[in-house]
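What follows is the residue order along each chain.
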Amino acid sequence: MRLQGPRAFWARHGHALVSAAICVYGAIYTIRQVRGGRTRAPGDLENLDLDFRISDFEAFYRCALRMLQGRPMYFTDGTGPLEQPGKQAPFFELLLQPFAPFGIGLTAAVFGLVTTLALLSSMRLGRQLVQTSPEPHAARWTPYLASLLLLAPLQLNFLYFQTGILLVWLFLLGMRL
């Protein structure tokens, strides 16, 4: 039996190892976000009359609750509460609405799972999009190299549970279709 070198091992198992690393990374930040939401006083995030500073994901969650209650999610007069208002189109808040009544913990867990799956799918879509490259071996690893170069924005997306990964996934899905 011939021993495989690192290059052969990486060619054979690299995609699975990178996918596993992304899953672990996503799980760590999802657990962190779930715990962070639970450190707030019970009912604070659900009490939409309270004014306080919140994270990006907590703003999405509270905007989803506002939408469910038929309340405005944008503060247009500038004299509203200190809380970060909704500042983008309500696409993600609409996606969170079915989970928002179950609390911040479940909503964060679902958002973290969707974000991790979107990143994994983006890698696959990226590989499919570059398959027609004149240099197929190099093109196969292009999405991973791009992710490595964009590690700082990826970190911020997971740290604050922002929507950038989901937007990139939608963009790549549109390109692939």
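Anything mentioned here points back to the structure above.
Presented here is a report on the structure given in the accompanying data block. Just so you know, these numbers come straight off a predicted model, no measurement behind them.

### Thoughts on the overall build of the chain
Phase 1: Along its length, the chain carries eight helices and zero strands.
Phase 2: Reading the chain from its N terminus to its C terminus gives the helix and strand order α-α-α-α-α-α-α-α.
Phase 3: Looking at the 177 residues of the chain, the share that counts as buried comes to 37%.
Phase 4: By sequence separation, contacts in the chain at least 24 residues apart represent 61% of the contacts at least 6 residues apart.
Phase 5: When the accessible area of the chain is evaluated, it comes to approximately 10700 Å², of which 67% is carbon and sulfur surface.

### Some words on the packing of aromatic side chains
Phase 1: Throughout the structure, instances matching the rule amount to eight aromatic pairs.
Phase 2: Residues Tyr25 and Phe158 carry aromatic rings whose centres are separated by 5.2 Å and whose planes lie at 80 degrees to one another, so their mutual orientation is edge-to-face. Note that Tyr25 is positioned in helix 1 (residues 6–38) and Phe158 in helix 7 (residues 151–159), a separation of 133 residues in sequence.
Phase 3: Classification of Phe158 as buried rests on a relative accessible area of 1%.

### Topic: the side chain of Thr163
Phase 1: Tracing the backbone through its elements, the reader meets Thr163 in the loop between helix 7 and helix 8 (164–176).
Phase 2: Residue classification places Thr163 among the buried residues on the basis of a relative accessible area of 6%.
Phase 3: Every residue in contact with Thr163, bar those within four places of it in the chain, is listed here: Phe60, Gln88, Phe92, Phe111 and Asn157.

Rules of the game
- Residues numbered from 1 in each chain as written.
- Predicted model: local features only at pLDDT ≥ 70, side-chain atom pairs only at ≥ 80, totals over all residues.
- Heavy atoms only, no water.
- Helix = DSSP H or I, 4+ residues; strand = E, 2+ residues; numbered from the N terminus.
- Buried < 20%, exposed > 50% of the residue type's maximum accessible area, 1.4 Å probe, protein only.
- Contact = heavy atoms within 4.5 Å.
- Areas by Shrake-Rupley, 256 points an atom, 1.4 Å probe, with all protein chains shown as cover.
- Phe/Tyr/Trp six-rings, centres within 6.5 Å; stacked < 30°, edge-to-face > 60°.

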